[in-house]
Amino acid sequence: MAGPLTLGEIVQRLGGRVAGNADTLVHQVASLERADARHISFFTGSRYRSKLAATRAGAVVLDAQAESETTLPRIVAENPYAYFARVSQLFNGLVEQEPGIHPAAVIAKSAKLGARVSIGPGCVVGEGAVIGDDSTLYPRVVLYPRCIIGARAIVHAGAVIGADGFGIAEDEGRWIKIPQIGGVRIGDDVEIGANTTIDRGAIDDTVIEDDVKLDNQIQVGHNTRIGAHTAIAGCVGIAGSADIGRHCTIGGAAMILGHLRIVDHVNISAGTLISRSILKPGTYTGIYPFDEHSSWTRAAADLRRKGKKNG
Amino acid sequence: MAGPLTLGEIVQRLGGRVAGNADTLVHQVASLERADARHISFFTGSRYRSKLAATRAGAVVLDAQAESETTLPRIVAENPYAYFARVSQLFNGLVEQEPGIHPAAVIAKSAKLGARVSIGPGCVVGEGAVIGDDSTLYPRVVLYPRCIIGARAIVHAGAVIGADGFGIAEDEGRWIKIPQIGGVRIGDDVEIGANTTIDRGAIDDTVIEDDVKLDNQIQVGHNTRIGAHTAIAGCVGIAGSADIGRHCTIGGAAMILGHLRIVDHVNISAGTLISRSILKPGTYTGIYPFDEHSSWTRAAADLRRKGKKNG
Amino acid sequence: MAGPLTLGEIVQRLGGRVAGNADTLVHQVASLERADARHISFFTGSRYRSKLAATRAGAVVLDAQAESETTLPRIVAENPYAYFARVSQLFNGLVEQEPGIHPAAVIAKSAKLGARVSIGPGCVVGEGAVIGDDSTLYPRVVLYPRCIIGARAIVHAGAVIGADGFGIAEDEGRWIKIPQIGGVRIGDDVEIGANTTIDRGAIDDTVIEDDVKLDNQIQVGHNTRIGAHTAIAGCVGIAGSADIGRHCTIGGAAMILGHLRIVDHVNISAGTLISRSILKPGTYTGIYPFDEHSSWTRAAADLRRKGKKNG
């Protein structure tokens with residue numbers, strides 16, 4: 001992590017262009033509201049114009065279109081939000097945990113750990129598991145036997161990777177468990193949120209490709225594939241054997257049923273249940289619009305009547 | 001915790017009024033169905049009248065309106081359910097775990113722990129974290145660095161407080177992580193359910209005010225604020241930067257999108273997705289009414305047609 | 001676990017009938033796609049006919065109706081999926097964890113453990129808890145005091161059994177906690193998924209009957225009863241005091257409200273919110289059908305208008 005930097009030094013490292021005093025020294029990032037003269041902030045749209053006008057930040061990042069909206073020292077960049085992310089990375093590490101294996105972690109003898117991995121207290125890494133270079137497991141992550149995580153992973157506390165998939169067969173009213181003998185293969189640059197669960201495959205593997213980003217409390221069923229560069233928000237459930245493409249985004253609490261396919265570049269809105277394959281890129285939504293309770297009561301009654309009539 | 005008490009001793013401590021024999025001795029609380037002569041139970045409404053008639057409880061708590069519905073010894077109170085809660089607190093502790101730090105907990109040197117805190121096995125408390133007096137962390141709670149919990153907190157097993165918020169910026173098809181440098185500030189008298197997750201702020205803090213009650217498996221996104229005395233049921237997801245008022249209730253599995261505001265005294269029904277700000281107190285609902293599958297098929301088809309026509 | 005077996009040896013153990021060469025030797029199960037000559041696979045329906053045609057498996061399990069669809073050595077069974085499950089159990093154990101108590105588990109002195117239990121690292125078993133014979137707790141399971149698990153249970157990592165139910169009473173704008181003094185009673189042959197939570201009862205117990213199968217990240221509220229042989233998929237939420245029958249199935253992310261009753265042999269579709277009792281066996285659904293976003297916008301607007309008109 002760097003010490004304080006001038007705007008000139010920042011653009012030398014990250015590109016972009018300075019408008020105003022390039023010698024302006026900044027020590028840390030901050031929000032427009034909380035920034036003071038030592039901070040650099042960012043501005044991404046007219047919604048925040050009044051905050052930009054009121055900010056006491058030492059400098060801001062914005063795009064060329066917004067350049068004239070402030071007289072503060074500023075860095076002009078094509079994608080101010082991504083630029084700001086990189087500036088923050090200059091001042092702050094990506095993870096807080098030091099490399100090394102905490103003595104209160106339990107690592108199986110046959111597990112293979114890459115260089116500079118960081119494994120927090122309470123983690124459990126099973127037999128034959130593999131963790132790539134520069135990966136971080138925060139406290140209490142469980143990696144079941146024979147599951148593989150690539151390089152530069154960040155896995156947050158409480159995540160469980162490789163528990164048995166939900167494989168049961170009905171037989172005369174009782175359930176027969178199907179041993180879950182597949183594994184989990186996770187690519188490079190993947191982030192996995194707190195208390196998220198990724199099940200091992202029933203027979204073949206569950207696959208999470210490179211640069212997939214998973215928020216907290218997501219459930220990924222067995223034999224699912226999630227394509228590279230797909231980002232999934234919190235509380236999403238993905239049933240078994242879903243095949244999700246690359247560069248998709250899935251909003252919070254959406255639910256993806258099993259044995260279906262979603263092509264690349266699909267965006268699914270929060271709270272939407274996907275019940276069949278999506279073969280065309282685009283944005284898909286299925287949310288019951290909320291309303292005051294009394295209005296909802298009427299609309300819902302109407303909907304139920306539709307189900308009865310001609311029934 | 002008290003030993004057996006007479007009804008007279010109970011009203012001396014908690015107020016209310018005895019009808020019938022004030023010397024009736026009770027040893028513990030119980031449900032109307034399971035109670036025997038040593039137990040005190042409670043009655044809150046006509047729905048349970050047959051259970052009241054059949055109960056073998058030694059005494060009951062009820063309100064003045066219901067007073068004549070039984071001849072059992074009874075305590076008459078304005079709010080029988082809250083009164084019953086207090087009676088139960090006379091006989092039972094709020095937490096089962098003894099004060100002290102279990103040797104299988106991992107506490108960072110710079111963490112500050114208040115008086116009489118109880119920290120269970122497997123807990124991890126990060127650098128600079130703060131826990132107020134009389135707070136209990138059940139087993140396997142993780143408190144990330146620099147997160148703050150007030151006094152008298154009860155945090156259940158598996159909760160994760162202060163994991164990184166889901167902050168990523170897209171840049172030419174790849175994701176850039178935004179370091180999450182804010183913290184989590186939790187007030188006094190807060191309860192947090194098992195496996196609930198509360199993310200640290202991206203830049204500023206995530207804030208949970210006093211007397212907030214969170215059930216299990218709730219996800220609270222970064223920079224959210226939850227106002228004092230708000231109660232949230234299980235499986236709720238709250239996306240980033242939501243600003244939720246005081247004295248709200250949110251039903252199970254509801255989903256609150258990010259960057260919106262909910263004023264004080266709002267009730268959100270279970271399973272409802274809140275997609276825009278709510279600026280007026282009241283009850284809000286958005287649930288697809290379930291039905292027999294065949295009826296649902298018809299109504300859903302009609303709804304889809306509505307989307308197509310005039311499209 | 002067995003070594004390689006001939007088809008003849010398999011039908012001797014499990015029933016069914018061989019068609020083709022009964023001396024065909026198989027070493028392991030595999031999917032139709034990935035199988036080679038050492039593997040036995042299964043075929044359950046016309047949807048997979050092209051995979052059956054292309055497979056390089058040494059043998060397959062199928063039913064009499066499909067018997068002529070391949071010339072491969074095959075086992076003909078009434079329920080090929082359940083048969084396949086049993087074949088997999090011949091080659092693979094149900095759990096990977098050895099019997100015994102890992103030294104990094106924390107077991108209260110008064111807990112009672114059955115024969116051959118397996119308790120992984122990081123597990124916490126509270127005072128007075130009971131675990132039946134041949135049960136497995138994977139890493140980091142928490143069993144709160146006085147909770148009971150039967151025989152042959154499989155509990156996956158991160159599950160929390162017996163945390164306090166969400167019992168609070170409002171009193172002049174503040175919340176009074178109701179001590180949760182009930183327990184959790186879990187029958188035999190129950191499987192519980194990763195990070196699933198089952199709350200202890202408020203006064204009486206929460207009850208999970210024999211052969212119930214729970215997937216990951218399910219929340220079971222206090223005083224719920226789940227009848228024997230019921231299977232529940234991931235991310236389901238069940239509010240307090242629900243009474244769910246035997247032989248039910250509940251799809252992923254469904255939500256069951258509290259204080260209601262669901263009779264035996266009810267199937268609830270994924271994503272459906274059950275808001276009232278279901279007293280008749282059958283399949284019940286309530287899903288907002290997703291669509292392209294622009295179509296959804298129109299249909300949702302129409303639905304909202306229904307709420308306003310005649311309002």
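Residues numbered from 1 in each chain as written. Chains lettered and ligands numbered in written order. Predicted model: local features only at pLDDT ≥ 70, side-chain atom pairs only at ≥ 80, totals over all residues. Heavy atoms only, no water.

*Asks:* Before we go on, may I ask you to explain the overall build of chain A in this structure?
*Replies:* In terms of regular secondary structure, chain A is built from four helices and 37 strands. C-alpha atoms of chain A, sized along the principal axes, occupy 80 × 65 × 35 Å. Taking all 311 residues of chain A together, 61% fall into the buried category. In chain A, the share of contacts with a sequence separation of at least 24, taken over all contacts with a separation of at least 6, comes to 21%. Split by element, the accessible area of chain A, about 11600 Å² in all, is 49% carbon and sulfur. Distance between charge centres in chain A, computed from 32 positive and 32 negative side chains, equals 6 Å. (Helix = DSSP H or I, 4+ residues; strand = E, 2+ residues; numbered from the N terminus. Buried < 20%, exposed > 50% of the residue type's maximum accessible area, 1.4 Å probe, protein only. Contact = heavy atoms within 4.5 Å. Areas by Shrake-Rupley, 256 points an atom, 1.4 Å probe, with all protein chains shown as cover. Lys, Arg positive; Asp, Glu negative; His and termini not counted. Charge placed at Lys NZ, Arg CZ, Asp CG, Glu CD.)

*Asks:* What exactly am I supposed to notice about unusual backbone geometry here?
*Replies:* Most peptide bonds are trans, and most residues other than glycine sit at a negative phi. Residues and elements named next belong to chain C. Although it is not a glycine, Gln217 sits at a positive phi angle of roughly 55°. Within the fold, Gln217 resides in the loop between strand E25 (213–214) and strand E26 (219–220). We classify Gln217 as buried; its relative accessible area is 4%. Phi angles above zero are rare outside glycine, and Cys235 is one such case at about 70°. Note on placement: Cys235 falls in the loop between strand E28 (231–232) and strand E29 (237–238).

*Asks:* Looking at this structure, I do not really get the pairing of strand E6 (residues 59–62) of chain C. What am I missing?
*Replies:* Each regular strand shows side chains that alternate between the opposite faces of the sheet. Residue and element names in this part refer to chain C. Side chains Ala59 and Val61 of E6 all project onto a buried face; the interleaved residues Val60 and Leu62 project onto the opposite face, where all are buried too. Taking the sense of rotation as the criterion, the β-α-β connection linking strand E5 (residues 39–42), helix H2 (residues 49–54) and E6 turns out right-handed. In this sheet, strand E7 (residues 74–76) lies alongside E6 in parallel orientation, the contact comprising three bridges. From the neighbouring strand, Leu62 faces E7, where its bridge partner is Val76. (Right-handed = clockwise from strand over helix to strand, strands pointing away. Pairing = 2+ DSSP bridges.)

*Asks:* Any chance you could explain the relation of the copies chain A and chain B here in plain terms?
*Replies:* Each copy superposes on the other: chain A lies on chain B with an RMSD of 0.0 Å after a rotation of 120° and an axial shift of 0.0 Å. Both copies of the chain, as the preceding transformation shows, are related through a three-fold rotation axis. When you check the interface residues of chain A against chain B, a mere 18% turn up at the interface there too, and the two sides of the contact use different surfaces. (Least-squares fit on C-alpha atoms with pLDDT ≥ 70 in both.)

*Asks:* I'm lost on the pairing of strand E6 (residues 59–62) of chain B in this one. Help?
*Replies:* With three bridges joining them, strand E5 (residues 39–42) of chain B and E6(B) adopt parallel strand pairing. Paired with Ser41(B) across the strands is Val60(B), a residue of E6(B).

*Asks:* Just to check I follow, could you spell out the relation of the copies chain C and chain A for this structure?
*Replies:* With an RMSD of 0.0 Å, the operation that places chain C on chain A is a rotation of 120° combined with a shift of 0.0 Å along the axis. When the interface residues of chain C are mapped onto chain A, a mere 18% of them again fall at the interface, so the copies present different faces.

*Asks:* Would you mind going over the packing of aromatic side chains with me for this structure?
*Replies:* The description of an aromatic ring pair rests on the distance of the ring centres and on the angle between the ring planes. With the rule as written, the count across this model stands at 15 aromatic pairs over all chains. Their ring planes at 35° and their centres at 5.5 Å tell us that Phe42(C) and Tyr81(C) sit as a pair that is tilted. In this pair, Phe42(C) is assigned in strand E5 and Tyr81(C) in helix H3 (residues 80–91), connecting sequence segments 39 residues apart. Residue classification places Phe42(C) among the buried residues on the basis of a relative accessible area of 19%. In this structure an aromatic cluster arises from ring pairing among Phe42(A), Tyr81(A) and Phe84(A). (Phe/Tyr/Trp six-rings, centres within 6.5 Å; stacked < 30°, edge-to-face > 60°.)

These values are about where atoms sit, not about what they do.
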